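Below, each chain spelled out in residue letters.
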Amino acid sequence: MTEFRLLLLVCMTCVLPLAQPLRGDDLNASTTRSDYARNVAPILAEKCLQCHGPDEANRQADLRLDRATDDEVQRATLKNSLLARINTDDPDLRMPPPDFGKSLDASERKQLQTWIESGARFEGHWAFQPISSVVGADSSAPTIDSLIQKAQDARGLTTAPKITKRQWLRRAYIDLIGIPPTWEEVQAYESDPSSIAEQVVIERLLDSSAYGQRWGKYWLDLARYADTHGGAAIGFTSFPFSYTYRDYVIQAFNDDRPYDQFILEQIAADQLGLEANDPRLAALGFLTVGMQFRNMHDTLDDQIDVVTRGLMGLTVTCARCHDHKFDAIPTRDYYAIYAALAPSSVPGELPIVEGYHVAGVTQEQRDAYFAQLETLKTQYDEMARDQIEVMKQRLRMQTGIYLRELAKGLPEQDVATAFLSYRTDDIRPVVYNRWKSYVAGLGSDDAVFGMWHQLTALPVEGFSAAAAQLLAALAAENPDAAKIPEHHALGAIAPKWNPLVLETLKSKPLDSMLDVADAYAELFTRVHQEWLKAVQATALEAISSQTVVPDEDAQHLVVNSPIYRQLRRHLYGKNSPTDLPDEVAAHLLNRTIADSLAGKQGAIHGHHLTSPGSVPRAMMLEEPNTEQEAFVFLRGNHMALGESVKPGFLSAISEGSSEFKYQPGMRRLALAQAIVSPDNPLTRRVIVNWIWQQHFGQGLVRTTDDFGTRGTPPSNPELLDFLATKFLAEGWSVKKMHMHIMLSDAYRLASVEVNDSREIDPENEQLWRMPRRRLDFESMRDSMLKVSGELDLSIGGRPIDFSTSPSSRRRTVYGFVNRDIVSNLSSTFDSANPNACTLKRPDTLVPQQTLFALNSDFIQERAARLATLVMETDLADNPARVQWLYRRIHSREANDDEVELACRFVEARAVTGDSAIEATDQATQRRWESLAHAMLASNEFSFVD
């Protein structure tokens with residue numbers, strides 16, 4: 001065992017990056033960059049803008065430090081006062097205030113002083129500026145390398161040497177498909193003298209289905225993909241069809257779907273004129289596969305975050321409660337985007353995705369699935385229909401309790417509690433709000449509720465007398481009371497004011513609006529009861545044994561009377577308060593009924609989830625054609641409505657107005673078009689930076705998901721805009737961007753130190769070396785399966801829970817992602833948090849990672865498989881077997897020292913006192929397993945050089 005530990009230590013040895021010294025005062029180096037964007041703006045954003053930024057409500061001293069101004073007073077303040085305030089020792093005058101916790105250090109004060117003394121010139125935030133056209137020296141066409149070289153020369157940097165062809169090939173394979181090349185592929189590439197050999201390799205990898213599996217996973221991180229709803233304290237609920245979005249993403253990358261089209265489909269596929277069962281409808285999982293909050297406003301906030309931070313690198317959700325403290329994003333912009341997304345909802349039945357192949361499913365299983373689904377749906381629909389009708393009849397009997405609350409002036413109720421349980425006599429907030437808006441929408445001349453409005457306008461003092469006088473005046477406008485019976489006849493026309501309402505109100509002592517509400521309640525209760533009796537009686541007339549009653553007979557007065565119809569319109573009419581859509585009514589049922597229905601709905605959900613014949617469906621949205629008024633929520637409180645807003649975009653990049661034009665029912669499409677518009681400088685910068693990050697371990701903008709004022713400016717602005725320009729010119733092609741990046745000299749740099757460059761640019765901002773990167777969890781697992789000959793590269797299908805199906809050899813991207821319970825293994829290896837949009841995973845080195853390498857059953861099983869394979873070969877001796885393992889695992893040949901050390905290990909006898917046991921085939925197998933285990937756990941295998 002001691003020898004194995006020594007061998008493991010040798011195999012795991014790797015030249016890791018040296019600890020980077022802290023950056024010191026590097027003000028002189030800033031002369032090669034935009035002084036304001038690189039050095040001044042970040043200080044202002046971090047230390048000043050919280051009190052002197054875009055947030056007008058919290059701005060102090062009426063001083064803005066986020067943009068230029070024509071105000072001579074402010075400029076004088078900057079020049080004459082600001083310098084004194086940042087340098088003073090007086091704690092009462094110093095800025096930022098000492099108790100703010102963001103004091104300026106010496107280098108920051110010096111930088112601000114230089115800026116102020118030079119005129120305190122502001123520049124617009126770089127990310128909001130139009131993407132600039134970049135030209136090379138002497139107007140020659142620029143390249144990635146020329147722009148990098150230009151920045152390096154300006155700082156006197158020397159680059160690391162180039163890597164070998166074998167190292168480049170492994171880097172390319174890991175980057176594009178997430179698994180290493182075989183020894184045969186290395187040999188073929190190294191022996192290819194062609195000048196386009198690298199291009200051929202890249203094209204072949206991009207054409208591989210494994211490419212979409214690798215890069216699709218990066219996008220799924222961004223889209224906060226998971227297979228469970230999230231938020232469960234006990235247990236969890238799985239999505240039946242989340243995998244269709246995952247498979248859509250993988251296929252889109254393999255197809256090199258133009259990025260602008262890719263975005264349009266993920267935000268508005270249902271509005272692109274696609275067929276009803278088009279597979280691209282699954283793209284809407286981008287919006288729907290996030291955490292399923294109970295509060296719809298939180299769900300929309302999550303969708304706004306993935307749309308804005310994920311696609312444009314802006315923390316727009318900070319403006320949910322107040323204007324953004326650091327960026328030019330007012331609260332109005334947040335609710336303009338909210339208004340574009342809020343009307344959409346998930347349809348009652350998700351569409352089947354056609355052309356989606358599910359391996360191993362027979363027609364018999366499909367038939368059984370549909371048959372059982374129809375049975376379950378019928379059971380649910382029948383019970384829901386009956387119970388919803390019962391509830392509506394009860395709500396009509398309860399008109400009085402809602403009118404009494406209206407009379408009290410109860411404000412609109414919070415419908416976010418709609419998930420709570422109810423009893424029969426509970427006031428349901430949804431129903432109350434419907435009554436409130438319904439009555440408010442009726443004019444004072446309405447035959448039934450016009451009297452309510454006019455009575456409401458009376459003063460509280462002397463209400464009784466004023467009400468009597470008002471009712472007498474209204475009664476005088478109606479026909480003589482003796483003629484009222486004529487108005488009950490079939491085909492008659494009702495008087496101006498409903499006689500039954502007038503009669504009821506006049507017969508009651510009315511001391512307040514509560515008495516008025518009780519009078520209306522008594523009348524509506526009677527009308528409802530009489531209608532139910534009349535319906536029953538008229539239905540019985542259809543029995544052949546009964547006497548036929550003429551339609552115009554007096555027995556049918558309740559049915560025929562226009563006076564009664566006026567009243568019933570408010571109980572049964574379309575859009576009346578009790579005319580609830582079934583999908584709304586289903587959430588308002590009594591607890592026992594709701595639980596029973598939930599069980600039946602759960603049975604349908606479970607059937608979709610577990611039936612072998614379950615067909616894939618798209619987790620789509622649908623949007624109504626009707627207009628829906630939207631408002632700013634004051635301080636984020638949806639019960640406190642501010643100014644009205646129209647669906648729109650970000651005013652900072654929309655020429656000052658957030659509002660956009662849209663066709664009815666196509667708000668999301670207009671939003672998506674604004675995001676991918678060539679005039680929007682953010683979207684292209686963010687995506688090319690994201691692609692660059694996956695290849696180099698860090699973006700040109702380090703804060704990949706924050707291009708705002710608190711994010712880091714680009715280390716090479718010209719290069720960023722060059723890539724964004726080329727991306728548009730080449731049809732938004734992600735694959736072409738890979739080609740440009742991977743054929744550059746920068747991509748060939750070794751991961752070794754250059755001491756002089758380290759001193760000048762300790763953070764490697766100008767890419768004088770390639771950062772060394774550890775394999776992410778997915779690539780590590782897939783690579784181990786690849787070298788052991790077990791990797792299953794099949795595409796698509798339901799997720800596999802590797803914790804319960806450890807024998808599965810599917811690629812890791814197809815693993816079950818549990819939003820509720822993130823596995824220890826995933827968190828140990830920095831997998832993305834599925835609860836949030838993740839553009840860049842954390843990057844840590846912790847002991848648990850090494851412990852996994854030493855103790856994991858998964859690695860030991862792969863090692864056992866490799867040992868079996870090497871023992872089954874027809875190789876003549878151990879040195880040849882060692883070479884076989886090195887070629888298999890490391891895609892290279894072992895040197896003499898490595899062969900000698902490995903042979904000594906596998907041929908040695910353990911000091912156990914029982915050499916006979918150690919001489920058996922079983923013992924030999926164990927030693928080869930240990931050797932393979934050490935190589936799989938080595939840094940050479942775990943890191944991309």
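Residues numbered from 1 in each chain as written. Predicted model: local features only at pLDDT ≥ 70, side-chain atom pairs only at ≥ 80, totals over all residues. Heavy atoms only, no water.

Enquirer: Hey, could you run me through the overall build of the chain in this one?
Expert: Scanning the chain from terminus to terminus reveals 40 helices and 4 strands. The C-alpha extent of the chain, read off along each of the three principal axes, is 120 × 80 × 55 Å. Relative to its full complement of 945 residues, the chain shows a buried share of 51%. The contacts of the chain with a sequence gap of at least 6 include a subset with a gap of at least 24, amounting to 72%. (Helix = DSSP H or I, 4+ residues; strand = E, 2+ residues; numbered from the N terminus. Buried < 20%, exposed > 50% of the residue type's maximum accessible area, 1.4 Å probe, protein only. Contact = heavy atoms within 4.5 Å.)

Enquirer: Mind showing me how you'd approach the nonpolar core here?
Expert: Across soluble globular proteins, you tend to see nonpolar side chains buried next to one another. In this structure, Trp 219, Tyr 245, Phe 286, Ile 675, Trp 690 and Trp 692 are the most contacted members of the largest nonpolar core, which totals 166 residues. When residues in this core are grouped by element, the largest group, 8 residues, is from helix H28 (residues 681–696). (Core = buried A, V, L, I, M, F, W, Y, C linked by side-chain atoms within 4.5 Å.)

Enquirer: Help me out: how do you make sense of the pattern of salt bridges in this one?
Expert: Note that side chains of opposite charge can pair when their charged atoms are close. Within this structure, the stated rule accounts for 50 salt bridges. A salt bridge links Arg 668 to Glu 623, with the nearest nitrogen and oxygen atoms 3.7 Å apart. Residue Arg 668 is located in helix H27 (residues 667–676), and its partner Glu 623 is located in the loop between helix H26 (591–610) and strand E1 (630–633); the two are separated by 45 residues in the primary sequence. Each member of the pair Arg 668 and Glu 623 is classed as buried. Where salt bridges share partners, they join Lys 217, Asp 221, Glu 778 and Arg 841 into one cluster. (Salt bridge = Lys/Arg side-chain N within 4 Å of Asp/Glu carboxyl O.)

Enquirer: Explain helix H32 (residues 777–787) to me, please; I cannot follow it from the model alone.
Expert: Because the α-helix completes a turn every 3.6 residues, residues three or four places apart line up on one side. H32 sits mainly inside the fold: 10 of its 11 residues count as buried. Residues Phe 777, Glu 778, Ser 779, Met 780, Arg 781, Asp 782, Ser 783, Met 784, Leu 785 and Val 787 constitute the buried set of H32. Downstream of H32 by one or two residues, Gly 789 has phi in the positive range, about 75 degrees.

Enquirer: Is there a simple way to think about the confidence of the model for the chain in this case?
Expert: Interpreting fine coordinate detail is not advised for predicted regions of low pLDDT. Per-residue confidence for the chain gives a mean pLDDT of 88; residues scoring 70 or more make up 91%. This model gives residues 1–33 a pLDDT under 50, and the stretch forms 61 contacts once residues within four places in sequence are excluded. Note on residues 911–917: pLDDT under 50 across the span, and 3 contacts to partners over four residues away in sequence or across chains. (pLDDT = per-residue confidence, 0-100.)

Enquirer: I keep staring at the packing of aromatic side chains and nothing clicks. Help me out?
Expert: One pair of aromatic rings is described through two measures. These are the centre distance and the angle between the planes. One pass over the full model with this rule turns up 37 aromatic pairs. Residue placement shows Lys 165 over the ring face of Tyr 189; its charged tip is 4.5 Å from the ring centre. Residue placement shows Arg 927 over the ring face of Phe 905; its charged tip is 5.1 Å from the ring centre. (Phe/Tyr/Trp six-rings, centres within 6.5 Å; stacked < 30°, edge-to-face > 60°. Lys NZ or Arg CZ within 6 Å of the ring centre and 35° of its normal.)

Enquirer: Help me understand the environment of Thr 378 in this model?
Expert: Tracing the backbone shows Thr 378 in helix H16 (residues 363–397). On the basis of relative accessible area, Thr 378 is assigned to the partly exposed category, the value being 31%. Considered as a pair, Thr 378 and Lys 600 are 222 residues apart in the sequence and their alpha carbons are 9.9 Å apart.

Enquirer: What is the right way to look at helix H9 (residues 197–207) in this model?
Expert: Taken together, the buried positions of H9 are occupied by Ala 197, Glu 198, Val 201, Ile 202, Leu 205 and Leu 206. In this structure, the buried side of H9 is in contact with helix H7 (165–177), helix H8 (183–190), helix H10 (209–222) and helix H30 (734–742).

Enquirer: Could you clarify how one ought to interpret the environment of Thr 182 in this entry?
Expert: Secondary-structure assignment places Thr 182 in the loop between H7 and H8. Owing to a relative accessible area of 26%, Thr 182 belongs among the partly exposed residues under this scheme. Considered as a pair, Thr 182 and Gly 156 are 26 residues apart in the sequence and their alpha carbons are 40 Å apart.

Enquirer: Looking at this model, I keep getting lost on the environment of Met 513. Mind explaining?
Expert: By the element assignment, Met 513 lies in helix H22 (residues 513–540). Accessibility expressed as a relative area gives 12% for Met 513, which makes it buried. As for Met 513 and Gly 443, which are separated by 70 residues in sequence, their C-alpha atoms are 18 Å apart. The contact partners of Met 513, leaving out residues within four places of it in the chain, are Ala 407, Trp 452, Leu 455, Thr 456 and Phe 463.

Enquirer: How do you make sense of the side chain of Thr 228 when you look at a structure like this?
Expert: Tracing the backbone through its elements, the reader meets Thr 228 in the loop between H10 and helix H11 (242–254). In terms of polar contacts, Thr 228 uses its side chain to reach the backbone amide nitrogen of Arg 819, at 2.7 Å. A polar contact is formed between the side chain of Thr 228 and the side chain of Asp 820, at a distance of 3.0 Å. Dropping the residues within four chain positions of it, Thr 228 is found in contact with Phe 236, Thr 237, Ser 238, Phe 239, Phe 816, Val 817, Asn 818, Arg 819 and Asp 820. (Polar contact = N/O pair within 3.5 Å; in protein donor to acceptor, adjacent residues only side chain to side chain.)

Enquirer: Would you take a moment to explain the state of the cysteines for this structure?
Expert: By definition, a disulfide links two cysteine residues through a covalent bond between their sulfur atoms. This model, assessed by the stated rule, comprises 0 disulfides. Cys 318 provides the cysteine sulfur closest to Cys 321, a residue in no disulfide bond, and the two sulfurs are 9.8 Å apart. (Disulfide = S-S within 2.5 Å.)

Enquirer: Explanation requested: the packing of helix H14 (residues 296–312) against H28 in the structure shown.
Expert: Packed helices, taken two at a time, are described by the angle between their axes plus the distance between the axes. Running from N to C, H14 and H28 point in directions that differ by 65 degrees, and their axes come no closer than 7 Å. Taken together, the axes of H14 and H28 are roughly perpendicular relative to one another. Residues Gly 310, Leu 311 and Met 312 of H14 pack against Leu 682, Thr 683 and Val 686 of H28. (Axes fitted to C-alpha atoms, helices over the stretch in contact; angles between N-to-C directions. Parallel < 35°, antiparallel > 145°, perpendicular 65-115°, else oblique.)

Enquirer: How do you make sense of the packing of H9 against H30 when you look at a structure like this?
Expert: Packing of H9 against H30 brings their axes to within 11 Å, and their N-to-C directions diverge by 150 degrees. On the basis of their axis angle, the class for H9 and H30 is roughly antiparallel. As for the relative orientation of H9 and H30, their crossing is right-handed in sense. Only Lys 735, His 738, Met 739 and Met 742 of H30 make contact with H9, whose side of the interface consists of Gln 199, Ile 202, Glu 203, Leu 206 and Asp 207. Its residues assigned to classes, the contact of H9 with H30 comprises 4 nonpolar, 2 polar and 3 charged. (Left-handed = near helix turned anticlockwise from the far one by under 90°. Nonpolar A, V, L, I, M, F, W, Y, C, P; charged D, E, K, R; others polar.)

Enquirer: For this particular structure, what's the right way to read the side chain of Arg 257?
Expert: As for its placement among the helices and strands, Arg 257 is situated in the loop between H11 and helix H12 (259–268). A polar side-chain atom of Arg 257 sits 2.6 Å from a polar atom in the side chain of Glu 265. Sequence-distant contacts of Arg 257, that is, excluding residues within four places in its chain, are made with Tyr 248, Ala 252, Phe 262, Glu 265, Arg 280 and Trp 732.

Enquirer: Can you help me understand unusual backbone geometry in this one?
Expert: Positioned with a positive phi, Asp 256 is a non-glycine residue whose angle comes to about 55 degrees. Mapped onto the secondary structure, Asp 256 falls in the loop between H11 and H12. Unusually for a residue other than glycine, Asn 575 sits at a positive phi of about 70 degrees. Looking at the secondary structure, you find Asn 575 in the loop between helix H24 (562–572) and helix H25 (582–585).

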